[in-house]
Amino acid sequence: MIRSVSVFGLIAVALGLVVVPSLPAIAEDEGERFPPIKHEATLKECAACHMAFQPQMLPQRSWAAIMGDLANHFGEDATLAPDVQKDITDYLVANAADARGKSRWMRRIAATETPLRITETPAWIRAHAEEVNPARFTDPKVKSKANCMACHRGADKGYYEDD
Ligand code: HEC
Ligand code: HEC
């Protein structure tokens, strides 16, 4: 088996094919970083005023805090029936940035901090600091940092790389 692989390798080299090394760093961290939300209640209730933000963008304690104070939700009352609230909370917490160990997105958030905004997390700030002129966030077509879809047309599908 090993022999046939190396023979293939030799043939590939002989044919001038570039042997592309596998991409472990990318596969591990970037693969399904922000998969599209399929949870029904979250899509229904949390995409009414803005896109439904992927749970992988905040730690568990942040989602618990946000879901625990929906009556005072960034100046809006987003209160839900208790069973729906619990269903959504369970989904967000189970899929949070730190639900399966610390993701790269999560790593820089201090353990003492509970960010209530994705746009205030170090990873988000860093991803945008160099690439985005701050004036773009107040552009009438964008209005807010939280308006991900204005710049990332595939944000609700989990695509953020190709804007
Ligand atoms: C009644 C409207 C409304 C509903 C429903 C609503 N939100 Fe929001 N949400 C807002 C507003 C307004 C903001 C602030 C947007 C801004 O700063 O531009 C916000 C912001 C957020 C942010 C922070 C975005 C950032 O800046 O990183 C999160 C996270 C969030 N909402 C989660 C949720 C979740 C989870 C649900 C479902 C339980 C939900 N929202 C439902 C109105 C709503
Ligand atoms: C004013 C436009 C704008 C807004 C609004 C915006 N972004 Fe971005 N974002 C960018 C640009 C430009 C980049 C850097 C280029 C790239 O990687 O696509 C970027 C990069 C990113 C990256 C890193 C991509 C990667 O390859 O690692 C993520 C993740 C991201 N944004 C998420 C968000 C989320 C979530 C929101 C909303 C809460 C948001 N962005 C709002 C313009 C924006």
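Residues numbered from 1 in each chain as written. Chains lettered and ligands numbered in written order. Predicted model: local features only at pLDDT ≥ 70, side-chain atom pairs only at ≥ 80, totals over all residues. Heavy atoms only, no water.

A. Representation of the coordination of the iron atom of ligand 1 within the structure. Those donors, H50 (NE2) and H73 (NE2), are the protein atoms that reach the iron atom of ligand 1, and they lie 2.0 Å from it. Around the iron atom of ligand 1 sit six donor atoms, and with donor-metal-donor angles ranging over 86 to 179° the site reads as octahedral. Of this pair, H50 sits in the loop between α3 (40-46) and α4 (60-67) while H73 sits in the loop between α4 and α5 (82-94); the two residues are 23 residues apart in sequence, bridging distant segments of the chain. Residue H50 is classed as partly exposed on the basis of its relative accessible area, which comes to 31%. (Donors = N, O, S within 2.8 Å, 3.2 Å for Na, K, Ca; no water. Tetrahedral: all angles 85-135°; square planar, octahedral: opposite > 155°, others 65-115°. Helix = DSSP H or I, 4+ residues; strand = E, 2+ residues; numbered from the N terminus. Buried < 20%, exposed > 50% of the residue type's maximum accessible area, 1.4 Å probe, protein only.)

B. Just the coordination of the iron atom of ligand 2, in detail. Coordination of the iron atom of ligand 2 by the protein involves H128 (NE2) and H152 (NE2), with metal-donor separations of 1.9 Å. Coordination at the iron atom of ligand 2 comes from six donor atoms whose angles at the metal span 87 to 179°, giving a geometry best classed as octahedral. Linking H128 in helix α7 (residues 122-129) with H152 in the segment after α9 (148-151), this pair joins segments that are 24 residues apart in sequence. Taking relative accessible area as the criterion, H128 reaches 14% and is therefore assigned buried. Residue H152 is classed as buried on the basis of its relative accessible area of 14%.

C. Examining the confidence of the model for the chain more closely. Residues with a pLDDT of 70 or more make up 80% of the chain, whose mean pLDDT is 85. A low-confidence stretch, residues 1-5 stays under pLDDT 50, and its non-local contacts, those more than four residues away or across chains, total zero contacts. Here residues 7-30 scores under 50 on pLDDT; set against residues more than four positions off or in separate chains, the count is eight contacts. (pLDDT = per-residue confidence, 0-100. Contact = heavy atoms within 4.5 Å.)

D. Highlighting the site of ligand 1. Neighbouring ligand 1 are 19 residues, the closest being C46, C49, H50, H73 and S144. Within the side chain of H73, a nitrogen or oxygen atom sits 2.8 Å from a nitrogen atom of ligand 1. When contributions to the shell around ligand 1 are tallied by element, the ones reaching two or more residues are α3 and α4. No other element matches α4, which puts three residues into the shell around ligand 1. Broken down by class, the residue content of the shell around ligand 1 amounts to 12 nonpolar, four polar and three charged. (Near = heavy atom within 4 Å. Polar contact = N/O pair within 3.5 Å; in protein donor to acceptor, adjacent residues only side chain to side chain. Nonpolar A, V, L, I, M, F, W, Y, C, P; charged D, E, K, R; others polar.)

E. Expanded view of the environment of I37. Relative to the elements of secondary structure, I37 occurs in the loop between α2 (24-29) and α3. Since its relative accessible area comes to 9%, I37 is described here as buried. Residues I37 and K157, spaced 120 residues apart in sequence, show a C-alpha to C-alpha distance of 7.6 Å.

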